Amino acid sequence: MDRDPLSFGMIVRRPSALVPLAMSITALAIVLGHILIYGAAREADEGAAAHLWQILMAGQLPVLAFFAIKWLRRAPKQALEVLALQAGAVLASMAPVFYFNL
């Protein structure tokens, strides 16, 4: 090979990979913080925590699409690893919502 192969660490540090991960982790922190402070009881009206979670989860989709379009051709193996990591972060953020039926 003529050029240096891109490593997972190099790609995961790109803003288009880091921002969605940070958004998922922030969404998880919001859900867990809400559960710790207010409990897991379902509210009649969605509060600010629910709206923030929804915005964070939906807001990362365009960034993920950009990442996939840019990096799947250049470094498919590493890009798929980053996308798998992101999928795990999304599932971790969704798990308490579904478990506690929030």
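As the structure is a prediction and not an experimental result, all values here were calculated from the model. (Residues numbered from 1 in each chain as written. Predicted model: local features only at pLDDT ≥ 70, side-chain atom pairs only at ≥ 80, totals over all residues. Heavy atoms only, no water.)

So, the packing of aromatic side chains
Spelled out, the test is: The rule is short: rings of Phe, Tyr and Trp, with Trp giving its six-membered ring, pair when the centres are within 6.5 Å, and they are stacked under 30 degrees, edge-to-face over 60, tilted in between. Here, a charge over a ring is recorded when the distance from Lys NZ or Arg CZ to the ring centre is within 6 Å and its angle to the ring normal is within 35 degrees.
One pass over the full model with this rule turns up 1 aromatic pair. Taken together, a centroid distance of 4.9 Å and an interplanar angle of 85° make the contact between Tyr99 and Phe100 edge-to-face. Over the aromatic face of Trp71 sits the side chain of Arg74, whose NZ or CZ is 5.2 Å from the ring centroid.

As for the pattern of salt bridges
In plain terms, the rule: A pair is scored as a salt bridge if a Lys or Arg side-chain nitrogen falls within 4 Å of a carboxyl oxygen belonging to Asp or Glu. For helices the rule is a DSSP run of H or I covering at least 4 residues; for strands it is a run of E covering at least 2, with both sets numbered from the N terminus onward. Throughout this description, buried means an accessible area under 20% of the type-specific maximum (1.4 Å probe, protein chains only), exposed means over 50%, and partly exposed covers the range between.
Applying the stated criterion across every chain, the model contains 1 salt bridge. In this structure, Glu81 engages Lys77 in a salt bridge whose closest nitrogen and oxygen atoms are separated by 3.0 Å. Of the two residues, Glu81 and Lys77 are both situated in helix H4 (residues 76–99); the distance of 4 residues between them amounts to about one turn of the helix. Of the residues examined, Glu81 reaches a relative accessible area of 30% and is grouped as partly exposed.

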